Amino acid sequence: MTQSDKQFSTKLIHFGKEIDKETGASSVPIFQASTFHHFDLENPPVHDYSRSGNPTREALEEYIALLEGGSRGFAFASGMAAISTAFLLLSAGDHVIVTEDVYGGTYRLLTTVLNRLNIDSTFVDMTDFEQVKQALKENTKAVFMETPSNPTLKITDIAEIAAWAKERGLLTMLDNTFMTPYHQRPIELGVDIVIHSATKFLGGHSDVLAGLVVTADESLGRRVKQLQNGLGAVLSAQESWLLMRGMKTLKVRMEASEQSAIKLAQWLQAHPGVEKVYYPGLADHPRGDVHAKQSKGFGAVVSFDVGSGERARRMLGRVKLPLVAVSLGAVESILSYPAMMSHAAMPRDVRLARGITDGLVRYSVGLEDADDLIRDLEQALDL
Ligand SMILES: *Cc1c(COP(=O)(O)O)cnc(C)c1O
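Residues numbered from 1 in each chain as written. Predicted model: local features only at pLDDT ≥ 70, side-chain atom pairs only at ≥ 80, totals over all residues. Heavy atoms only, no water.

Participant: I'd like a rundown of the site of the ligand, residues and numbers included.
Facilitator: Near the ligand the following residues occur: Ser 78, Gly 79, Met 80, Ile 83, Tyr 103, Glu 146, Asp 175, Thr 177, Ser 197, Thr 199, Lys 200 and Ala 210. Side-chain polar atom of Lys 200 to an oxygen atom of the ligand: 2.7 Å apart, as the coordinates give it. Summarising the interface, the protein chains cover 93% of the accessible area of the ligand, which totals 380 Å² for the free molecule. When residues in the shell around the ligand are grouped by element, the largest group, three residues, is from helix α3 (residues 79-87). (Near = heavy atom within 4 Å. Polar contact = N/O pair within 3.5 Å; in protein donor to acceptor, adjacent residues only side chain to side chain. Areas by Shrake-Rupley, 256 points an atom, 1.4 Å probe, with all protein chains shown as cover. Helix = DSSP H or I, 4+ residues; strand = E, 2+ residues; numbered from the N terminus.)

Next comes the structure, spelled out in structure tokens:
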């Protein structure tokens, strides 16, 4: 059976390096070494220094490339290290079109760091293709997408924008953190570079910080390799191993969390104390059809509005099961409050204009029993 023959769940377990060729060990060895001996000066070793290449990290990099259906994978010390490195494919004078409600760290990178390097960005509502087209400038070199977006789960039509960008020779990048390759494989839809905060669903246990990049083709892969080695924000061997350990159960975690998320979203929708529920799997999601076309599932993140900041804070103080924290995509449910956490730095009027109201909370559904999560929310919402 060739790798491309295998179903996704088989690839998760049999990704190529799952058995150590040397010893038969049932997991990838952790090569805790910074450098490698040259046994023969004339024939240097395949790996010579761990920033340039470490066998444990390489196993992870091949693993994510296989899962995303790409040519090459790269592992970084965090999601932001991955995103920063990918953006440095651009040069001074270039312009990039970006999803308006992109991850806060990506927004900060573009507006406080890359702008100083004369890499310019325009943020647009990517649910409106016209806005994307209108943002095109003579020096536009790339489009950066994030779908579903955070925290209001807006949907970008990946294939439509990727095709438009390709015609114009623009590089396309997509942050696939929320969906993971289990649900959504952007390279199959024409995207050039897929990026992950593997800290979230891929790692899945709130115990590792990591970022991944996958390139669709080899020539882009060579350019990212040069940047990874040059900038040096690589993932350690220990963390690479831990991430692979988590990724093996991606399918069962995603499926179980999603089932509970659907149940929770429907329950919230019927609750009189909840004004609005954002979840791509609900029938009233404005772009649910676009999402269903490009993704195999809806994921485990449900956002909802309880009407006011006071009610939100009271609920956050009363819940007993979820972690009240930033982050998402873990075995334990995580409830976060954008107005005071991820989007606290955003001016209030800008935040409100983006639908991130004082009453909006984001629930990342974990692996607890769905009825327990609902009972817990029920008592927390009983104001
Ligand atoms: C968390 C997150 C990031 C940043 O990743 P880190 O691992 O925290 O650096 C980027 N994009 C999305 C969508 C995220 O949720």
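Participant: Account for the sheet that holds strand β1 (residues 72-76), with residues named and values stated.
Facilitator: In spatial order, the strands read β1-β7-β6-β5-β4-β2-β3; together these seven strands make up an open sheet with mixed pairing. Edge strands, defined here as strands with exactly one partner in the open sheet, are β1 and β3 (120-124). With strand direction ignored, the average angle separating the axes of adjacent strands in the sheet is 20°. One ladder, built from five bridges, connects β1 with strand β7 (residues 211-215); its direction is antiparallel. Each residue of the ladder has a partner; that of Phe 76, found in β7, is Gly 211. Strands β2 (95-99), β3 and β4 (140-146) of the sheet are contacted by helix α4 (residues 104-113), whose axis makes an angle of about 140° with β3. (Pairing = 2+ DSSP bridges. Axes fitted to C-alpha atoms, helices over the stretch in contact; angles between N-to-C directions. Contact = heavy atoms within 4.5 Å.)

Participant: Could you give an account of helix α2 (residues 55-68), with specific residues and numbers?
Facilitator: Over its 14 residues, α2 runs 20 Å from end to end, which matches the ideal 20 Å to within 8%, given 1.5 Å per residue. Those residues of α2 lying buried are Pro 55, Thr 56, Arg 57, Ala 59, Leu 60, Glu 61, Tyr 63, Ile 64, Ala 65, Leu 66, Leu 67 and Glu 68. Once α2 ends, the next one or two residues include Gly 69, with phi positive near 70°. (Expected span 1.5 Å × (residues − 1). Buried < 20%, exposed > 50% of the residue type's maximum accessible area, 1.4 Å probe, protein only.)

Participant: Any details on the environment of Leu 114? Residues and values, ideally.
Facilitator: Mapping Leu 114 onto the fold places it in the loop between α4 and β3. Look at Leu 114 and you get buried, because its relative accessible area is 2%. The spacing of Leu 114 and Gln 294 is 180 residues in sequence and 30 Å in space, taken between C-alpha atoms. In this view, Leu 114 contacts Phe 87, Leu 88, Leu 109 and Ile 119; residues no more than four positions away in its chain are not counted.

Participant: Please give an account of the pattern of salt bridges that cites residues and values.
Facilitator: Enumeration over the complete set of coordinates arrives at 17 salt bridges. Two residues, Glu 130 and Lys 133, come together in a salt bridge whose shortest N-O distance is 3.3 Å. Taken together, the residues span about one helical turn, with Glu 130 and Lys 133 both in helix α5 (residues 129-134) at a distance of three residues. Accessibility expressed as a relative area gives 42% for Glu 130, which makes it partly exposed. Of the charged contacts in the structure, one is a salt bridge between Asp 371 and Lys 263, with a shortest N-O distance of 3.1 Å. You can see Asp 371 sitting in helix α14 (residues 370-381) and its partner Lys 263 sitting in helix α10 (residues 250-270), a full 108 residues away along the chain. Residue class for Asp 371 comes out partly exposed when judged on its relative accessible area of 39%. (Salt bridge = Lys/Arg side-chain N within 4 Å of Asp/Glu carboxyl O.)

Participant: Talk me through the UniProt feature "modified residue: N6-(pyridoxal phosphate)lysine" (unreviewed entry) in the chain; I want residue IDs and the actual numbers.
Facilitator: Sites flagged by UniProt as "modified residue: N6-(pyridoxal phosphate)lysine" (unreviewed entry) map to Lys 200. Judged by its relative accessible area of 10%, Lys 200 is buried. Setting aside residues up to four positions removed in sequence, Lys 200 forms contacts with Tyr 103, Thr 177, Ser 327, Leu 328 and Gly 329. (UniProt positions renumbered as here; feature names shortened; annotations may be inferred.)

Participant: Go over the packing of α2 against helix α9 (residues 237-247) with me, naming the residues and quoting the values.
Facilitator: Between α2 and α9, the least distance of the axes is 8 Å, while the angle of their chain directions is 35°. Where α2 crosses over α9, the handedness of that crossing is left-handed. Contacts from Thr 56, Arg 57, Ala 59, Leu 60, Tyr 63, Ile 64 and Leu 67 in α2 reach Ala 237, Ser 240, Trp 241, Leu 243, Met 244 and Met 247 in α9. Here the residues of the contact of α2 with α9 are counted per class, giving ten nonpolar, two polar and one charged. (Left-handed = near helix turned anticlockwise from the far one by under 90°. Nonpolar A, V, L, I, M, F, W, Y, C, P; charged D, E, K, R; others polar.)

Participant: So, the domain arrangement of the chain: which residues are in play, and what are the values?
Facilitator: Split by domain assignment, the chain resolves into domain 1 (3-247) and domain 2 (250-380). Using C-alpha coordinates to define each centre, domain 1 is positioned 26 Å away from domain 2. Domain 1 puts 35 residues into the contact, and the matching count from domain 2 is 38 residues. Carbon and sulfur atoms make up 59% of the surface buried where domain 1 meets domain 2, a total of about 3300 Å² over both sides. There are one salt bridge connecting domain 1 and domain 2. The shortest N-O distance in the salt bridge between Lys 293 and Asp 157 comes to 2.7 Å. At the junction of domain 1 with domain 2, the criterion picks out 21 residue pairs in polar contact (both at pLDDT 80 or more). Elements that contribute at least two residues to the side of domain 1 that touches domain 2 include exactly α1 (8-13), α6 (158-167), α7 (180-183) and α9. Looking at the side of domain 1 that touches domain 2, its residues break down into 16 nonpolar, 14 polar and five charged. (Domains from an automatic or database assignment. Buried area = accessible area lost by both parts, 1.4 Å probe.)

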